[in-house]
Amino acid sequence: MVNVTVDPLTRIEGHLRLSTEVNAEGVITDARSSCLLFRGFERILQNQDPRDAALLTQRICGVCPTSHSLAAANALDQLFGVADSVPKDALVARNINQALNTIASHATHIYVLWGPDLANPAYRDVLTPLGETGTAVWKELLGRFAPISYRLDGNTIPAGSSYLAAIPEKKRLHEAIAVIGGKMPHQVTSYPGGYTYKPTIADIGKLSSYYSQVMDFVSSYTLRVPFETWIENTYKASSPQSAVSFLLDQLRGLVDSSISGSNGNNFSREAGWGDAEFYAAFGSELVGETLLGLPASLKHDRTGGYSDSSKINFLAYGAFYRPENGDGYDPNSPAGDRFQTSGIVTGNLEYKNFDASKITESISHSFYEGSEELHPSKGETNPIGDPAEIRYDRGSDSRYTWAKAPRYEGMPCEVGPLSRLLAMKEPLVTGLARAFKDNGYSPANTYTRMIARIQETAIIANELLKWVTEDYDPNGKISVHTDLSMAKDSEGMGLWEAPRGALGHWVSTDSNSKVVSYQPVVPSTWNFSPRDSAGTPGPAEQALIGTRINAVENSLGVDYSNPVNILHVGRSYDPCIACAVHTLDLTGKNAPGILRIV
Amino acid sequence: MNKNTSDISVKTEKPDFFKMDRRTFLKTACLLGASAFLGTYRTEIVRALETAETKLVWLHGAECTGCTESLLNGGDPNVLSALQALDAKLAYHETLLAGQGIFVDGQPANTTELNSEILVDELIEEGNYILIVEGAIPNGPEGSGRFFMVGNRTFKELFAKAAGNADAILAVGTCAAYGGINSANSAIAQLTDYRGVAFTKNDSSGGMLQELGVNKPVINIPGCPAHPDWILLTLSAVILGKIRIPEDFPSVLDGYGRPKAYFSEDVHDECPRHDYYERDEFDTEIGGYKCLFKLGCKGKRANADCSIRKWNGGTSMCVQAGSPCIACVEPGFPDSSRPFYTQGSGGFDGRESDDIKGDDGKGDGVDSYDGTSSESDSYDTDSRRDSYYRIGDD
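Residues numbered from 1 in each chain as written. Chains lettered and ligands numbered in written order. Predicted model: local features only at pLDDT ≥ 70, side-chain atom pairs only at ≥ 80, totals over all residues. Heavy atoms only, no water.

**Student:** I keep staring at the overall build of chain B and nothing clicks. Help me out?
**Tutor:** Broken down by element type, chain B carries 15 helices and eleven strands. A total of 394 residues make up chain B; the buried ones form 63% of that total. Contacts in chain B between residues at least 24 apart in sequence constitute 71% of all its contacts with a sequence separation of at least 6. As presented, chain B carries roughly 13,800 Å² of accessible surface, and 47% of it is formed by carbon and sulfur atoms. (Helix = DSSP H or I, 4+ residues; strand = E, 2+ residues; numbered from the N terminus. Buried < 20%, exposed > 50% of the residue type's maximum accessible area, 1.4 Å probe, protein only. Contact = heavy atoms within 4.5 Å. Areas by Shrake-Rupley, 256 points an atom, 1.4 Å probe, with all protein chains shown as cover.)

Take a look at the structure:
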């Protein structure tokens, strides 16, 4: 057995270590996920004015600050007793802000953080011996996705066309957020009871203009099928089967003209292969090789899956208020109440209603002491402060991370675009997940995670236009009155979705309206959680176990020094490790005024 | 040449940037902004570049990646072309480069092309780079630095190595400059013991460099996040030799190590809501359009040119979007500004404290601000602007 450790896993937010045991066949037999940094975040909110949370907690993460800020605003709405009266137009403004943040974050992940792995030299080694098609595919991978300052065999490689084009779009999306959020990162407009800024008609015009510019990028680079056609036939398809059939028909048309037709191995964007179409066809063995008859694929559907469907759930808290419900919203996010619904989807793809009271957390493998299996709002955390005990090399039975292990009814849960789209029964992703399951694959894998992220970007972009042009009324009310006295001896729960998954903030206050406890439970804590007290590994750990470390199912033999599939699997969750680790409580289990961690 | 003709030619031609003295250059470049400066003067910049290539090594400490996100929002048309114009090579950056740390049975594997740990060690050993730090550095627990490990070592150790061989250091963002939110007052602040690069809060003897006994020139570019113009224009000035390191520091940087070019203005003075302040018209509920002073705005004590420069390509800024300035560029942030929505919080009430303005460079020493209690801090940034170097503005 060989230990292969990636530390740090770069091109993510924060600092993550993935340590694996790999057998002689190059298959991962054990995996540990370690969050490496401890900041002590919630503690600074203790005894403070709770209203500061919406600005302060977004400093947990500069990639998804809007999400933290809005999770905090939701918790504060309830804390101040105004959740049922936040004006509809404030809710729409929050939706717009979040939608832009999600799209910007997804685009950054797809093109800047995740995409460069497609230019890994392992794919050159596998693909180019396969003749003209393989060589042409490698040329596209390198030409589109290579990152900056990239070198191969000592030669400088220019940054990829898609990579380069995506950076100005990210910039543009942040400008759009600034129009209604002041600045970005760390927009400033979330506040209990509403929104600090009332967007004007001119702002709506600007947002529409930004929208069409971003959509120009999408149609030039990402998706060559006309956007409306895509939405109509996937997201709005009559059934999961018809959505998958539409995708396959589109791809088959491209394959026919590019391989069999006169177009001889032309996989360029000009030939109709947007980045999404290209990855949809070549990323998957089932879609690309089995269903489309391609001579090769990256086989990402063979990586990052769950071998035991009884040990994993998919969890969504739900996000985006429904403008048609008018003023106010339900802080419990009941099923169907939000545009992206809450829900639990089992490993066998069965939907169940979500209930926030069923969350517990384990610390048996984390650098903390204390009780097990407590609800986040009751949690306690005593960090191990002995430097000699902070070690990452003592195996899977030891304490090995600063993240806790959240569980839902005792189950590890994957969170993120895939979970959200399964919960909302989005036809394309649901159809693909079923197809993988029916053909003996894990429905969740590196490929479906990435397809879900791409599809979610499209769906939210589609809805964003409606919020901007139809739902927002610049003459509407933007806030209701709040003052600090309304937050005495109170509690609040903010359930929301960050781009990378379910995000919850819990807050409670004392008789002076000062914060007693403040606690975020964040997406990467779910995805990169360690083992729990029953020894069940977290989602990313499960996804690594059983994965072959090298490109295309180790087709060129085992090379421990370039474990590209560890990189793909880890990054497919879009980790945000600054979020995953927050705080500690030094003062003991039951001391008053203690902040807790997840 | 006829005088009138000469006047016309001045108006129609670009000023010759590179013959300008340092102060004029900094002021002019600052007013133009990074996009216009790097875009308009591309050819001149190429000609003025003295060295072939400037290597940048960017380390991520305890941070949120917001400053990297902010950097990606800068430049013309983007940050990559801006760096190209400056012939600056981003030799190491965790979020943007291809590599990652790869260890096989504990030993570094592969090469610099895919293994970022081998790459960063090699770059540090070669020397001849500008070190850029994003994020604070934990010293705890017990001075071990083990609250943050990366690549089988503490970040403190990596930082020590990288700082020791750097030509100069840019501390980008309030966390790297002063500890920022990581160093905020709490019951655990002593345990985690977070440090900025050359300061912790306003204490110029409490930075990680001082803890390590390493002496390097440091420029602080605070902000939560730092504005991309502040980062790119400072880099431009350093690379183009318009800030000589360290000879020019006393005249170019303020008492907290910040370039005066961007951190001398008050957010208040050019605030888009300034007229309401003058007319005593204040918002007392969010969602309005008047002065935010009574909602806790700290614009009068925030030394940054946000009101002129604005954010995200000149789109907006905090106060414009109805949210009080929280003075995120100040060394005591966030304690010196909170509670954010309370007038006079952080021990400062700008209405009564106008008399502390009128900077004459005679500071009373940074140590008088202990940064330990948000209740009792008295905070007057202006009078301390030059105290770090104990030298007045030239």
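**Student:** Would you mind going over the overall build of chain A with me for this structure?
**Tutor:** Across its full length, chain A carries 19 helices and 20 strands. The globule rule puts the C-alpha radius of gyration for 598 residues at 25 Å, and the 23 Å found for chain A is close to it. The principal-axis extent of the C-alpha atoms belonging to chain A is close to 75 × 60 × 45 Å. The buried share among the 598 residues of chain A stands at 71%. Considering only residue pairs separated by 6 or more positions, chain A has 70% of its internal contacts joining residues 24 or more positions apart. Separation of charge centres in chain A, based on 52 positive and 66 negative side chains, amounts to 3 Å. (Rg over C-alpha atoms; globule rule 2.2 N^0.38 Å. Lys, Arg positive; Asp, Glu negative; His and termini not counted. Charge placed at Lys NZ, Arg CZ, Asp CG, Glu CD.)

**Student:** I'm lost on the packing of helix 9 (residues 240–260) of chain A against helix 10 (residues 275–282) of chain A in this one. Help?
**Tutor:** For any two helices packed against each other, the geometry is given by the interaxial angle and the distance between the axes. All names here are of chain A. Remark: helix 9 packs on helix 10, axes separated minimally by 10 Å, with the N-to-C direction vectors making an angle of 95°. Classified by the angle their axes make, helix 9 and helix 10 are roughly perpendicular. In this structure, helix 9 contributes Leu 247, Leu 251 and Leu 254 to the contact, and helix 10 contributes Glu 277, Ala 280 and Ala 281. Residues that form the contact of helix 9 with helix 10 fall into these classes: five nonpolar, no polar and one charged. (Axes fitted to C-alpha atoms, helices over the stretch in contact; angles between N-to-C directions. Parallel < 35°, antiparallel > 145°, perpendicular 65-115°, else oblique. Nonpolar A, V, L, I, M, F, W, Y, C, P; charged D, E, K, R; others polar.)

**Student:** I keep staring at helix 18 (residues 564–572) of chain A and nothing clicks. Help me out?
**Tutor:** Each turn of an α-helix holds 3.6 residues, which means side chains three or four residues apart point in the same direction. All names here are of chain A. In terms of burial, helix 18 is a largely internal element, nine of the nine residues being buried. All buried positions along helix 18 are accounted for by Val 564, Asn 565, Ile 566, Leu 567, His 568, Val 569, Gly 570, Arg 571 and Ser 572. Looking at the residues trailing helix 18, positive phi occurs at Asp 574, about 55°.

**Student:** Can you help me understand the interface of chain B and chain A in this one?
**Tutor:** As a measure of interface size, the accessible area lost when the parts come together is often cited. The interface is formed by 79 residues belonging to chain B together with 92 residues belonging to chain A. Of the roughly 7,200 Å² buried at the junction of chain B and chain A (both faces included), carbon and sulfur atoms supply 59%. At the junction of chain B and chain A, the tally comes to one salt bridge. Note that Lys170(A) and Glu69(B) form a salt bridge whose closest N and O atoms lie 2.8 Å from each other. Summed over the shared surface of chain B and chain A, the result is 40 residue pairs in polar contact (both at pLDDT 80 or more). Breaking the side of chain B that touches chain A down by element, the ones donating at least two residues are helix 4 (66–71), strand 2 (88–93), strand 3 (102–104), helix 6 (116–126), strand 7 (149–150) and helix 9 (189–192) of chain B. In terms of residue class, the side of chain B that touches chain A is made up of 37 nonpolar, 31 polar and eleven charged. Two strands pair when backbone bridges link them, and strand 1 (residues 2–6) of chain A and strand 3 of chain B are joined in this way by three bridges, in the antiparallel orientation. (Buried area = accessible area lost by both parts, 1.4 Å probe. Salt bridge = Lys/Arg side-chain N within 4 Å of Asp/Glu carboxyl O. Polar contact = N/O pair within 3.5 Å; in protein donor to acceptor, adjacent residues only side chain to side chain. Pairing = 2+ DSSP bridges.)

**Student:** Can you walk me through the sheet that holds strand 2 (residues 16–22) of chain A in this structure?
**Tutor:** For sheets, the rule is that strands pair by backbone hydrogen bonds, running either parallel or antiparallel. Spatially, 3(A)-2(A)-1(A)-3(B)-4(B) is the arrangement adopted by the five strands of the open sheet, whose pairing is antiparallel. Bordering the open sheet on either side are strand 3 (28–35) of chain A together with strand 4 (107–108) of chain B, each of which pairs with just one other strand.

**Student:** I'm lost on the pattern of salt bridges in this one. Help?
**Tutor:** Where side chains of opposite charge bring their charged atoms close, a pairing between them can arise. According to the stated counting rule, one finds 52 salt bridges over all chains in the structure shown. The salt bridge partner of Arg153(B) is Asp121(B), with a shortest N-O separation of 3.0 Å. One end of the pair, Arg153(B), is in strand 8 (residues 153–154); the other, Asp121(B), is in helix 6, with 32 residues separating them in the sequence. A salt bridge links Lys161(B) to Asp121(B); the nearest nitrogen and oxygen atoms lie 2.9 Å apart. Of this pair, Lys161(B) sits in helix 7 (residues 155–165) while Asp121(B) is found in helix 6, placing the two residues 40 residues apart along the sequence. Lys161(B) gets classed as partly exposed once you look at its relative accessible area, which sits at 31%. What you see here is one network of salt bridges that share partners, running through Glu21(A), Asp30(A), Arg32(A), Arg531(A) and Glu541(A).

**Student:** I would appreciate a short explanation of the state of the cysteines in the present structure.
**Tutor:** Think of a disulfide as a covalent bridge from one cysteine sulfur atom to another cysteine sulfur atom. Residues and elements named next belong to chain B. Taken as a whole and assessed by the stated rule, the structure comprises zero disulfides over all chains. Just so you know, Cys 30 is unpaired, no disulfide at all, and the nearest cysteine sulfur is the one on Cys 306, 12 Å from it. Its sulfur unpaired, Cys 271 is 6.2 Å from the next cysteine sulfur, which belongs to Cys 297. (Disulfide = S-S within 2.5 Å.)

**Student:** It is not clear to me how the confidence of the model for chain B should be interpreted in this structure. Could you clarify?
**Tutor:** Keep in mind that low pLDDT regions are not for reading the predicted coordinates in detail. Residue and element names in this part refer to chain B. Mean pLDDT over chain B: 85, with 84% of residues reaching 70 or higher. A low-confidence stretch, residues 1–12 (pLDDT under 50), is modelled with one contact involving residues beyond four sequence positions or located in other chains. Predicted confidence for residues 349–394 stays below pLDDT 50, and this span has 115 contacts to residues more than four positions away or in other chains. Listed scores for the predicted complex are pTM 0.93 and ipTM 0.95. (pLDDT = per-residue confidence, 0-100.)

**Student:** Can you walk me through helix 10 of chain A in this structure?
**Tutor:** A large share of helix 10 of chain A lies buried, amounting to eight of its eight residues. Residues of helix 10 of chain A that are buried include every one of Asp275(A), Ala276(A), Glu277(A), Phe278(A), Tyr279(A), Ala280(A), Ala281(A) and Phe282(A), and no others.

**Student:** So what exactly am I meant to see when it comes to the environment of His174(A) here?
**Tutor:** For His174(A), the location among the structural elements is in helix 6 (residues 161–181). Classification of His174(A) by relative accessible area gives buried; the value is 1%. For His174(A) and Val82(A), which are 92 residues apart along the polypeptide, the C-alpha to C-alpha distance reads 29 Å. Residues within four places of His174(A) in sequence aside, it is in contact with Ala104(A), Met184(A), Pro185(A), Glu69(B), Asn73(B) and Asn312(B).

**Student:** What's the story with the sheet that holds strand 8 (residues 313–316) of chain A in this structure? I'm lost.
**Tutor:** Reading across the sheet, the four strands line up as 12-11-8-17 (chain A) and stay open at both edges, with mixed pairing between neighbours. Edge positions in the open sheet fall to strand 12 (351–352) and strand 17 (413–414) of chain A, since each of these has one partner strand only.

**Student:** Help me understand the packing of aromatic side chains in this model?
**Tutor:** The description of two aromatic rings rests on the distance between their centres and on the angle between their planes. Per the counting criterion, the structure on display carries 43 aromatic pairs over all chains. Between the aromatic rings of Phe217(A) and Tyr221(A), the centroid separation amounts to 5.1 Å while the plane-to-plane angle is 20°, which identifies the pairing as stacked. With Phe217(A) and Tyr221(A) both in helix 7 (residues 201–222), this residue pair falls four residues apart, about one helical turn. Here Phe217(A) falls in the buried class, since its relative accessible area comes to 9%. Judged by relative accessible area, which is 23%, Tyr221(A) ranks as partly exposed. Taken together through their ring pairs, the aromatic side chains of Phe38(A), Phe367(A), Tyr368(A), Tyr392(A), Trp402(A) and Phe147(B) make up a single cluster. A cation over an aromatic ring shows up here: Lys425(A) above the ring of Tyr351(A), its NZ or CZ 4.0 Å from the ring centre. (Phe/Tyr/Trp six-rings, centres within 6.5 Å; stacked < 30°, edge-to-face > 60°. Lys NZ or Arg CZ within 6 Å of the ring centre and 35° of its normal.)

**Student:** Even after reading the chapter, I still don't get the side chain of Asn312(B), so can you show me in this structure?
**Tutor:** One can find Asn312(B) in the segment after helix 15 (306–309). On the basis of relative accessible area, Asn312(B) is assigned to the buried category, the value being 5%.

**Student:** Sorry, what's going on with the nonpolar core here?
**Tutor:** Considering soluble globular proteins, one finds that nonpolar side chains tend to be buried as a cluster. Among the nonpolar cores identified, the biggest contains 291 residues, and Leu141(A), Phe37(B), Leu131(B), Phe159(B) and Val197(B) are the most heavily contacted of them. Top element by residues in this core is helix 3 (residues 88–114) of chain A. It accounts for 14 residues. With residues near it in sequence (within four places) discarded, Leu131(B) still touches Val57(B), Leu59(B), Phe159(B), Ala162(B), Ala163(B), Ala166(B), Ala168(B), Ile169(B) and Leu170(B). In this structure, Phe354(A), Ile359(A), Ala502(A) and Trp506(A) belong to the second largest nonpolar core, which totals 15 residues. (Core = buried A, V, L, I, M, F, W, Y, C linked by side-chain atoms within 4.5 Å.)

**Student:** Hey, could you run me through the packing of helix 3 of chain A against helix 6 of chain A in this one?
**Tutor:** Residue and element names in this part refer to chain A. Between helix 3 and helix 6, the shortest axis-to-axis distance is 9 Å and the interhelical angle comes to 165°. Considered as vectors, helix 3 and helix 6 are oriented roughly antiparallel to each other. Here helix 3 runs over helix 6; the crossing is left-handed. Counted together, Ala 93, Ile 96, Asn 97, Leu 100, Asn 101, Ile 103, Ala 104, Thr 108, Tyr 111 and Val 112 of helix 3 and Ser 162, Tyr 163, Ala 166, Ile 167, Lys 170, Leu 173, His 174, Ala 176, Ile 177, Ile 180 and Gly 181 of helix 6 form the full contact between these two elements. Of the residues assigned to the contact of helix 3 with helix 6, the class counts are 14 nonpolar, six polar and one charged. (Left-handed = near helix turned anticlockwise from the far one by under 90°.)

**Student:** It is not clear to me how the pairing of strand 5 (residues 129–134) of chain B should be interpreted in this structure. Could you clarify?
**Tutor:** Every regular strand shows the same layout, with side chains that alternate between the two sheet faces. All names here are of chain B. Burial analysis of strand 5 places six of its six residues in the buried class, the great majority of the element. Pairing of strand 1 (residues 54–60) with strand 5, which is carried by six bridges, proceeds in the parallel orientation. Note on strand 5: the bridge partner recorded for Val 57 is Leu 131. With five bridges joining them, strand 5 and strand 9 (residues 168–172) adopt parallel strand pairing. Bridge pairing in strand 9 places Ile 130 opposite Ala 168.

**Student:** Would you mind going over the side chain of Ser323(B) with me for this structure?
**Tutor:** Relative to the helices and strands, Ser323(B) is located in the segment after helix 15. Take Ser323(B): its relative accessible area is 0%, and that puts it in the buried class. Discounting residues that sit within four places of it in the chain, Ser323(B) has contacts with Leu55(A), Val188(A), Thr196(A), Leu292(B) and Cys318(B).

**Student:** For this particular structure, what's the right way to read the pairing of strand 8 of chain A?
**Tutor:** Residue and element names in this part refer to chain A. In strand 8, alternate side chains face the same way, and those of Asn 313 and Leu 315 on one face and Phe 314 and Ala 316 on the other are all buried. Looking at chain direction, strand 8 and strand 11 (residues 343–346) are connected through four bridges and run antiparallel. Within the sheet, the bridge partner assigned to Ala 316 lies in strand 11 and is Gly 343. Sheet topology places strand 8 next to strand 17; two bridges connect them, and they run parallel.

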